[in-house]
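Structural characterization, general
So you can see what is in the structure, the chains are spelled out below.
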Amino acid sequence: MLDIKRIRENFEDVKGRIALRGKGDFGLESIIVKDKERRDILQKVEQMKNKQKLASKEIPTLKKEGKDTSKLMESLKKLSENIKELDDKVKIVDIELKNMLLAIPNMPVDGTPVGNSDEDNIEVKKFMEPNVFDFEPKAHWDIGQNLDILDFERATKIAGSRFTVYKGTGAKLERTLINFMLDLHIEEHGFIEVMTPFMVNRDAMIGTGQLPKFEDDMFHIPSKDFFLVPTAEVPVTNLYMNEILSEDELPICHTAYTPCFRKEAGSAGRDTRGLIRQHQFNKVELVKFARPENSYDELEKLLLSAEDVLKRLELPYRVVKLCGGDLGFSSAMTYDIEVWMPSYNRYVEISSCSNFEDYQARRANIKYRDNSTKKVKYVHTINGSGLAVGRTVAAILENYQQADGSVKIPKILKPYFNGKDYIK
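Residues numbered from 1 in each chain as written. Predicted model: local features only at pLDDT ≥ 70, side-chain atom pairs only at ≥ 80, totals over all residues. Heavy atoms only, no water.

1. Description of the sheet that holds strand β1 (residues 122-127)
Strands sit in the order β1-β11-β12-β13-β16-β10-β9-β4 across an open sheet of eight strands; the sheet is mixed. Of all the strands in the sheet, the pair left with one neighbour each is β1 and β4 (192-193). With five bridges joining them, β1 and strand β11 (residues 317-321) adopt antiparallel strand pairing. Bridging from a neighbouring strand, Lys 126 pairs with Arg 318 of β11. Lying on the sheet, helix α7 (residues 169-187) is in contact with β4, β9 (252-261), β10 (280-290) and β16 (380-388); it crosses β10 at an angle near 10 degrees. Relative to the sheet, helix α10 (residues 295-313) contacts β1, β10, β11, β12 (333-341), β13 (346-355) and β16, its axis offset from that of β16 by approximately 5 degrees. (Pairing = 2+ DSSP bridges. Helix = DSSP H or I, 4+ residues; strand = E, 2+ residues; numbered from the N terminus. Contact = heavy atoms within 4.5 Å. Axes fitted to C-alpha atoms, helices over the stretch in contact; angles between N-to-C directions.)

2. Re the packing of aromatic side chains
Considering all chains together, one arrives at eight aromatic pairs under this definition. Measuring from ring centre to ring centre gives 6.5 Å for Trp 141 and Tyr 344, while their planes differ by 85 degrees; the resulting arrangement is edge-to-face. Of the two residues, Trp 141 sits in helix α5 (residues 140-146) while Tyr 344 sits in the loop between β12 and β13, which places them 203 residues apart along the sequence. Among the aromatic residues, those joined into a ring-pair cluster are Phe 214, Phe 329 and Tyr 359. (Phe/Tyr/Trp six-rings, centres within 6.5 Å; stacked < 30°, edge-to-face > 60°.)

3. Regarding α10
Here α10 is 19 residues long and its end C-alpha atoms lie 28 Å apart, about the 27 Å a rise of 1.5 Å per residue gives. Of all the bends in α10, the largest measures some 25 degrees and sits at Glu 307. Among all positions in α10, only Ser 295, Glu 298, Leu 299, Leu 302, Leu 303, Ser 305, Ala 306, Glu 307, Asp 308, Val 309, Leu 310 and Leu 313 are buried. Glu 314, located one to two residues past α10, shows a positive phi value of around 55 degrees. (Expected span 1.5 Å × (residues − 1). Bend = angle between axes of the 7 residues up to and from the residue. Buried < 20%, exposed > 50% of the residue type's maximum accessible area, 1.4 Å probe, protein only.)

4. A few points about the packing of helix α2 (residues 11-19) against helix α3 (residues 28-64)
Here α2 crosses α3 at 150 degrees, and the two axes come no closer than 11 Å. Looking at the two axes, α2 sits roughly antiparallel to α3. In the crossing of α2 with α3, the sense of the turn from one axis to the other is right-handed. Only Leu 28, Glu 29 and Ile 32 of α3 make contact with α2, whose side of the interface consists of Phe 11, Val 14, Lys 15 and Ile 18. Counted by class, the contact of α2 with α3 contains five nonpolar, no polar and two charged residues. (Parallel < 35°, antiparallel > 145°, perpendicular 65-115°, else oblique. Left-handed = near helix turned anticlockwise from the far one by under 90°. Nonpolar A, V, L, I, M, F, W, Y, C, P; charged D, E, K, R; others polar.)

5. Quick notes on the sheet that holds strand β7 (residues 226-228)
Ordered by their spatial adjacency, three strands build an open sheet running β5-β7-β6, and the pairing between neighbours is antiparallel. Both outer strands of the open sheet, β5 (199-201) and β6 (220-221), are each paired with one neighbouring strand and no more. In the sheet, β5 pairs with β7 via three bridges, with the strands oriented antiparallel. Bridge pairing in β7 places Met 199 opposite Leu 228.

6. A look at the pairing of strand β14 (residues 366-369)
In β14, alternate side chains face the same way, and those of Ile 366 and Tyr 368 are buried while those of Lys 367 and Arg 369 on the opposite face are not. As judged from the four bridges shared by strand β8 (residues 243-246) and β14, these two strands associate in the parallel manner. Counted as the bridge partner of Ser 246 is Arg 369 from β14. Bridge count for β14 against strand β15 (residues 376-378) is three bridges, and the pairing is antiparallel. By the bridge assignment, Lys 367 is partnered in β15 with Tyr 378.

7. Some remarks on the UniProt feature "binding site: ATP" (unreviewed entry) in the protein
On the UniProt side, "binding site: ATP" (unreviewed entry) is annotated at positions that read Arg 262, Lys 263, Glu 264, Glu 349, Ile 350, Ser 351 and Ser 352 here. Inspection of the secondary structure assignment puts Glu 349 in strand β13. The exposure class of Glu 349 is partly exposed, given its relative accessible area of 29%. Excluding anything up to four places from it in sequence, Glu 349 contacts Asp 336, Ile 337, Glu 338 and Arg 391. Ser 352 sits in the partly exposed class, given a relative accessible area of 24%. Look past the residues within four positions of Ser 352 in its chain and what remains in contact with it is Thr 334, Tyr 335, Asp 336, Asn 383, Gly 384 and Ser 385. Here Asp 336 takes part through its side chain, which lies 2.4 Å from a polar atom of the side chain of Ser 352. (UniProt positions renumbered as here; feature names shortened; annotations may be inferred. Polar contact = N/O pair within 3.5 Å; in protein donor to acceptor, adjacent residues only side chain to side chain.)

8. Details of unusual backbone geometry
Cis rather than trans, the peptide bond between Leu 211 and Pro 212 has omega equal to 5 degrees. Checked against the element boundaries, Pro 212 lands in the loop between α8 (202-208) and β6. In this model, Leu 250 is joined to Pro 251 through a cis peptide bond whose omega is 0 degrees. With respect to the helices and strands, Pro 251 occurs in the loop between β8 and β9.

Below is the structure:
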């Protein structure tokens, strides 16, 4: 959530940054009007309370002098009623203003590329060149079905479209990748693992920015008002909701595995085959809580941690910096890691690494106490997927496929498969 004071005092700057998203000003003008309404009411209330205070002090003096106080008492009663009425109105306006602020996305950071879609993102680095096959490469859904390790038909029978059953070595590959990613981030990148609930309450979803805007994309359990997690970012970030952390604790670095659940309501017809766009998929997430002055350094470190997974798997990938029009709702800056997919003949997003600055911290009320000033400030939150596991499986199947239909197992994963070289 943006700071209302910043919107009020730096309106043109905020408006200009929001405009980089290419979707209008999201009602910033209305927020200024609502904020003025709130401050005007508060000013009236303050004046009335001062008047009430003075009049209350006058009554004992008048009584001591034997003067009639009935008119003054009646006036005070009406004043008190007016104050209560305005106090109630302030509460309503506060709720209206907060709801308006919750609908405003984060401001893109200085230097965000100008553009409207992923075609305008800027490539910043690349690892390995795309594979060149001396045979016609197959798509991962065909490879998986031919090897009998992915079953889309039975998944559809028990759940519907955009679900997958992993079988045999396919199930082991998915499970192995989860363990490999977690072990790497814990043992070599300094993250602390947490295992969180796979359902969260409404406050948690508001805290990280999924609600209220994206409620239609979420799987909701009305009887409890719970939501199935769309990403581990939600429960992990909200671990520290309504807390004041010590500066000495920062940065806090967590990694977590969760299944993720998304309706993909706005993606009809896109990537409907295979593992790329599913209603349920597994992910290993990286989340950091940092001091504002260090948050962009922590973002770069988090990006390297996510990249390290693909480097060790020896999968070709590139990193792009997102333009304003492709930026996520809560993000101030995002790098996407895109893995090469031969069947698509293009790079496909497999991880997003973002700095949300204090946007999520304001929504979830996550603060820290500065050691030198003793002042309480909002932390910056940084998030990145240590890769979407299903997409990683798809990338391995396509990039390591062999002419005979088998799939070579990446060297780094061989210990998990007792030295086995191929999936056949």
